[in-house]
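Chain and residue survey
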Amino acid sequence: MPEVEPVLSAGPLLLIAAAAVGVLLFLIMKLKLHAFLALILVSLLTALATRIPLEDVVGTLTTGFGSTLAGVALLVGLGAMLGRLLEHSGGAQVLADSLIRRFGEKRAPLALGVAALLFGFPIFFDAGLVVFLPIVFTVALRLGGSLLTYGLPVAGAFAVMHAFVPPHPGPVAAAELIGADIGLVLVFGLLVGLPTWYLGGYLFGLWAGRRYDVAVPDILGGGATQDDTPDPSVEGTSPAIASGGGTRTETATRPAPPRFGTVVGLLLLPLVLIFLNTGLSTLATAGTLDEESFVVRAGQLLGATPVALLITVLVASVVLGLRRGESGAQVESIVNSALGPVCAIILITGAGGMFGGVLRASGIGTALADVLGDIGLPVIVAAFVVSVLLRVAQGSATVALTTAAGLMAPVVEATDGLSSSDLALIVIAIAGGATVLSHVNDSGFWLVSRFFRMDEKTTLKTWTVMETLLGTIGFLIALVLSLFL
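Quick caveat, the model's predicted, so the values are computed rather than measured.

For the chain, the count of helices and strands is 22 helices and zero strands. Among the 485 residues that make up the chain, the fraction classed as buried is 55%. Nonlocal contacts in the chain, meaning residues at least 24 apart in sequence, comprise 81% of its contacts between residues at least 6 apart. For the chain, the exposed area adds up to about 19500 Å²; of that, 64% sits on carbon and sulfur atoms.

Below, the structure written as structure tokens:
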């Protein structure tokens, strides 16, 4: 990134930063300008307002954009491909059915939630929830009780994985901007996310199911009226699910679904490889292993997140595609269909990196770091607060994660004494802030409201409360860990 000496003092720089965020929210929320365009425009205006030399403006913008995409595009694209292969093969149904048999019907909500956690590693929130809805509805009808008893643990699992765990775009972009190690973010994402889901998703789901009796909607039985059909304009809704029958007909023509062990093995493969990299790196740093040895270097290569995901996608293409009778052209079509929906997400995260690059180059980050230092607010707490404000204001968890990380990256860079664990936990704190208080400006709010057939008041009392619990619990666990690590 071009080296630019800040022209303005701290006061004007902070006012420009506040104005930039305000303009960004106005463009996205009021004018409904696409977040990608809004971020580029605000980045350009911020660069001009902070008097970055005109000849350096474009270089600053493109460097921030490109450096972010270098880490984000590969992970998000490969993760989407893996999720699509698992979805197409019927892996979600296999996971849920097998876990319910193992856990027992009395623990069906726990089994469904665990299945969603596993399936949520490579697949995004909206897509994962839509894929799991037929399973949730079927189990709820068979076992009885409120839909929330089964639906909230599943929705909470996808929300936690989407916010806290790479290769989802939010934590990947935040890690790239903050400079955190992706492997450590993955480790801490799981370490924080699993108890967070159990407390804020599973246990709260059981409580909400007892308190609010929500009937299973007639979406899958073919009896839904036109008014009952979820609005396709709401991000993540699926006309195929809403129409009933279409998905079943397609499934009937497919080969037999994969076995439970196959699905779990494919989901664990990238985790094992990434943990191998993290473990070898830790041992090498501690002096237990020679950092220059072939074993360490080869393990670090295989466990690098892009390589681990590439290996997993190639294995999944064979196991879930070619070995099940799919032709090479069909497998290519399946993985290709995964890329379209994530292109906008990739571009938005890249534009968020552009915004962060401008904040660093202009000196805003250093000024913000000085102010936070004077206040005495720890960086991890400030990261959570900034992320909460952005989440509440504009709704999107991914945009909140990316923008908050862009704002905090210069602060982190200007703060001495932060370890690699601290950086990873700051990313988790930002993820927690980007999860809380999902309300009417969040597509996830409307996705749950429409599919569960809940009015806005009930959705606020259930889904919004659960999201707030998940974000707050996740942040508190990250804060406690930061005090001891």
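From this point on, the discussion continues.
Core analysis: the largest hydrophobic core is formed by 161 residues, its most contacted members being Phe 119, Phe 132 and Ile 178. The contacts of Phe 132, once residues within four sequence positions are left out, are Ala 92, Ala 96, Leu 112, Ala 115, Ala 116, Phe 119, Val 154 and Phe 158.

Within the secondary structure layout, Ala 10 lies in helix H1 (residues 10-30). Distance from Ala 10 to Ile 364, taken between C-alpha atoms, is 7.3 Å for residues 354 residues apart in sequence.

To continue, consider the side chain of Ser 43. One can find Ser 43 in helix H2 (residues 35-49). In this structure Ser 43 comes out as buried when scored by relative accessible area, which is 0%. There is a polar contact of 3.3 Å between the side chain of Ser 43 and the backbone nitrogen of Phe 355. With near-sequence residues (within four places) excluded, Ser 43 lies in contact with Leu 61, Ala 351, Met 354, Phe 355 and Val 358.

Moving on: unusual backbone geometry. With an omega dihedral of 15°, the bond running from Pro 166 to Pro 167 counts as a cis peptide bond. Mapped onto the fold, Pro 167 is located in the loop between helix H7 (147-164) and helix H8 (169-178). Even without a glycine there, the phi angle at Leu 437 is positive, about 55°. Structurally, Leu 437 can be placed in the loop between helix H20 (420-433) and helix H21 (443-451). Owing to a relative accessible area of 36%, Leu 437 belongs among the partly exposed residues under this scheme. At Arg 453, a position not held by glycine, the phi torsion is positive, near 55°.

Moving on, we come to a nonpolar patch on the surface. A cluster of nonpolar side chains, Val 23, Leu 41, Leu 44, Leu 45, Leu 48 and Leu 54, forms an exposed patch at the surface whose accessible area comes to about 500 Å². At four residues, the largest contribution of residues to the nonpolar patch is made by H2. Summarising the element assignment, Leu 45 is placed in helix H2.

Locating Phe 137 in the fold gives a position in helix H6 (residues 125-143). With relative accessibility at 2%, the residue Phe 137 sits in the buried group. With 10 residues separating them along the chain, Phe 137 and Leu 147 place their C-alpha atoms 7.4 Å apart.

Another aspect to go through is helix H16 (residues 339-362). Residues separated by three or four positions in an α-helix point in the same direction, a consequence of the helix having 3.6 residues per turn. Helix length check: H16, at 24 residues, gives a terminal C-alpha distance of 34 Å against a target of 34 Å (1.5 Å per residue), a fit within 8%. With 17 of 24 residues buried, H16 is to be regarded as a mostly interior element. Backbone geometry just after H16 places Gly 363 at a positive phi near 95°.

Cut-offs used in this document
Residues numbered from 1 in each chain as written. Predicted model: local features only at pLDDT ≥ 70, side-chain atom pairs only at ≥ 80, totals over all residues. Heavy atoms only, no water. Helix = DSSP H or I, 4+ residues; strand = E, 2+ residues; numbered from the N terminus. Buried < 20%, exposed > 50% of the residue type's maximum accessible area, 1.4 Å probe, protein only. Contact = heavy atoms within 4.5 Å. Areas by Shrake-Rupley, 256 points an atom, 1.4 Å probe, with all protein chains shown as cover. Core = buried A, V, L, I, M, F, W, Y, C linked by side-chain atoms within 4.5 Å. Polar contact = N/O pair within 3.5 Å; in protein donor to acceptor, adjacent residues only side chain to side chain. Patch = residues over 30% accessible without salt bridge, like charges linked within 9 Å, V, L, I, M, F, W, Y side chains within 5 Å. Salt bridge = Lys/Arg side-chain N within 4 Å of Asp/Glu carboxyl O. Expected span 1.5 Å × (residues − 1).

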